[in-house]
Amino acid sequence: MKYYKYIIYKQIRIDSHLPPSSVSCFSVTSPSSFLLLPPLCKHLSGVELVGSMALSGVRKDRELRIHESLDELSTDLADYIAELSEASVKERGVFAIALSGGSLIGLMGKLCEAPYNKTVDWAKWYIFWADERVVAKSHVDSNYKLAKDRLLSKVPIIPSHVHSINDSVSAEEAADDYEFVIRQLVKSRVISVSDISDCPKFDLILLGMGPDGHVASLFPNHSVLEEKDEWVTFITDSPKPPPERITFTLPVINSASNVAIVATGDSKAEAAHMAVDDMGSDLPPVPAGIVQPLKGKLVWFLDKAAASKLDDGTQFSA
Ligand SMILES: O=C1O[C@H](COP(=O)(O)O)[C@@H](O)[C@H](O)[C@H]1O
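In the nomenclature of an unreviewed UniProt entry, the chain corresponds to Probable 6-phosphogluconolactonase from the organism Malus domestica. The UniProt entry for the chain carries the following text under Sequence similarities (unreviewed entry): "Belongs to the glucosamine/galactosamine-6-phosphate isomerase family. 6-phosphogluconolactonase subfamily." Annotation of the chain in UniProt includes, under Pathway (unreviewed entry), the sentence "Carbohydrate degradation; pentose phosphate pathway; D-ribulose 5-phosphate from D-glucose 6-phosphate (oxidative stage): step 2/3."

Novice: Outline the nonpolar core, listing residues and values.
Specialist: Counting 91 residues, the largest nonpolar core has Ile81, Phe128, Phe202 and Phe248 as the members making the most contacts within it. The element contributing the most residues to this core is helix 2 (residues 70-92), with 8 residues.

Novice: Can you lay out the pairing of strand 12 (residues 204-208) for me, pointing to particular residues and giving the numbers?
Specialist: Where burial is concerned, most of strand 12 is hidden: 5 out of the 5 residues are buried. Side chains Leu204, Leu206 and Gly208 project from strand 12 onto one buried face, and the interleaved Ile205 and Leu207 project onto a second face that is buried too. In this structure, strand 7 (residues 95-99) lies alongside strand 12, joined through 2 bridges in parallel fashion. What sits directly across from Ile97, in strand 12, is Leu204. Of the pairings in the sheet, the one linking strand 12 to strand 15 (residues 258-263) comprises 4 bridges and is parallel in character. The partner of Leu206 across the bridge, within strand 15, is Ala260.

Novice: Describe the pattern of salt bridges, naming the residues involved and giving the relevant values.
Specialist: Applying the stated criterion to the full structure yields 13 salt bridges. Asp167 is the partner of Lys137 in a salt bridge, and the nearest nitrogen-oxygen pair spans 3.9 Å. Within this pair, whereas Lys137 is found in the loop between strand 9 (131-133) and helix 5 (143-150), its partner Asp167 is found in the loop between helix 5 and helix 6 (171-187), the two being separated by 30 residues in sequence. Between Asp195 and Lys295 there is a salt bridge; the shortest N-O distance is 3.3 Å. Placement of the pair is Asp195 in the loop between strand 10 (192-193) and strand 11 (200-201) and Lys295 in the loop between helix 9 (287-290) and strand 16 (297-303), with a sequence separation of 100 residues. Neither Asp195 nor Lys295 differs from the other in exposure class; each is exposed. Within the structure, one salt-bridge network assembled from shared partners comprises Glu63, Arg65, Asp76 and Lys297.

Novice: Can you tell me about the site of the ligand, naming the residues and giving the values?
Specialist: Of all residues adjacent to the ligand, which total 15 residues, the nearest are Gly101, Ser103, Asp131, Arg133 and Lys240. In this structure, Arg133 approaches the ligand through a side-chain N or O atom, which is 2.9 Å from an oxygen atom. With respect to the ligand, the side chain of Asn143 contributes an N or O atom lying 3.4 Å from an oxygen atom. Its free accessible area being 400 Å², the ligand has 91% of it covered by the protein chains. Each residue belonging to the shell around the ligand can be placed in one class, and the counts come to 2 nonpolar, 8 polar and 5 charged.

Criteria and thresholds
- Residues numbered from 1 in each chain as written.
- Predicted model: local features only at pLDDT ≥ 70, side-chain atom pairs only at ≥ 80, totals over all residues.
- Heavy atoms only, no water.
- UniProt positions renumbered as here; feature names shortened; annotations may be inferred.
- Core = buried A, V, L, I, M, F, W, Y, C linked by side-chain atoms within 4.5 Å.
- Buried < 20%, exposed > 50% of the residue type's maximum accessible area, 1.4 Å probe, protein only.
- Helix = DSSP H or I, 4+ residues; strand = E, 2+ residues; numbered from the N terminus.
- Pairing = 2+ DSSP bridges.
- Salt bridge = Lys/Arg side-chain N within 4 Å of Asp/Glu carboxyl O.
- Near = heavy atom within 4 Å.
- Polar contact = N/O pair within 3.5 Å; in protein donor to acceptor, adjacent residues only side chain to side chain.
- Areas by Shrake-Rupley, 256 points an atom, 1.4 Å probe, with all protein chains shown as cover.
- Nonpolar A, V, L, I, M, F, W, Y, C, P; charged D, E, K, R; others polar.

Below, the structure is given as structure tokens:
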């Protein structure tokens with residue numbers, strides 16, 4: 001059975017005694033059931049439906065969140081990360097999060113603002129990178145530098161919890177070193193271990209997506225997609241500069257408890273379509289389309305431009 005879930009963002013007025021950030025979720029088993037929402041809302045005290053919506057949907061085993069504006073997307077992304085952080089700290093005492101580079105970091109900017117800067121338990125965060133360019137940490141291409149300048153320096157994260165790569169060795173050594181660091185932190189349970197693979201189980205891996213559908217530094221038609229033995233591997237021929245990079249492998253990404261792919265803008269629309277929609281067996285999926293956590297949850301954060309080529313894209317639009 002196909003399963004649809006519609007989440008109503010900001011279109012429900014909540015009585016003032018409830019937190020203003022309250023979001024109500026309704027799950028239905030077909031899009032037509034969505035029509036039942038207005039009468040349903042009449043019977044919910046303090047809730048009034050104030051517009052047409054269907055801004056978000058779950059198809060198959062992933063959730064799509066499509067937003068009208070980058071501002072809305074950023075707020076939803078910050079809420080999502082803050083909620084996962086809270087749940088993980090409650091359950092495990094820590095939050096092991098892996099970042100990517102690129103436009104994702106700017107879209108996470110709301111985390112540095114109220115209320116998140118005060119409410120998130122930053123001291124419990126352990127930061128990793130799903131991919132990194134093998135350049136000096138002070139280099140403009142460094143994913144670490146980007147995150148440090150735009151995010152990490154603005155919130156009270158404990159410096160020893162920030163695990164960036166060794167930038168003074170070759171790409172191959174940097175990948176080996178990074179995997180070693182992760183293995184130590186799996187041993188000490190800062191990072192969980194998957195019960196179905198021998199991989200680490202990050203609480204959250206945040207991925208951007210390039211216009212070619214690459215995620216982390218897993219590029220289309222590259223042999224790096226086949227790597228099954230290593231947790232962290234390297235490439236020296238990235239089609240997008242700089243050429244030398246380290247990256248989590250697909251088994252590690254797919255072992256995470258939660259994975260989010262964040263893509264915005266027209267240039268990502270074709271790749272989003274290829275990754276999200278069923279393209280038939282004759283077309284190789286783009287790397288983003290191979291991201292499918294084995295037991296974890298995958299959420300796509302898209303703006304309308306990036307979602308514009310999805311089959312049934314209108315189904316998810318306001
Ligand atoms: O090179 C990279 O590109 C992707 C996508 O970046 P974006 O600016 O198009 O969002 C990024 O996710 C990855 O971490 C980075 O190394």
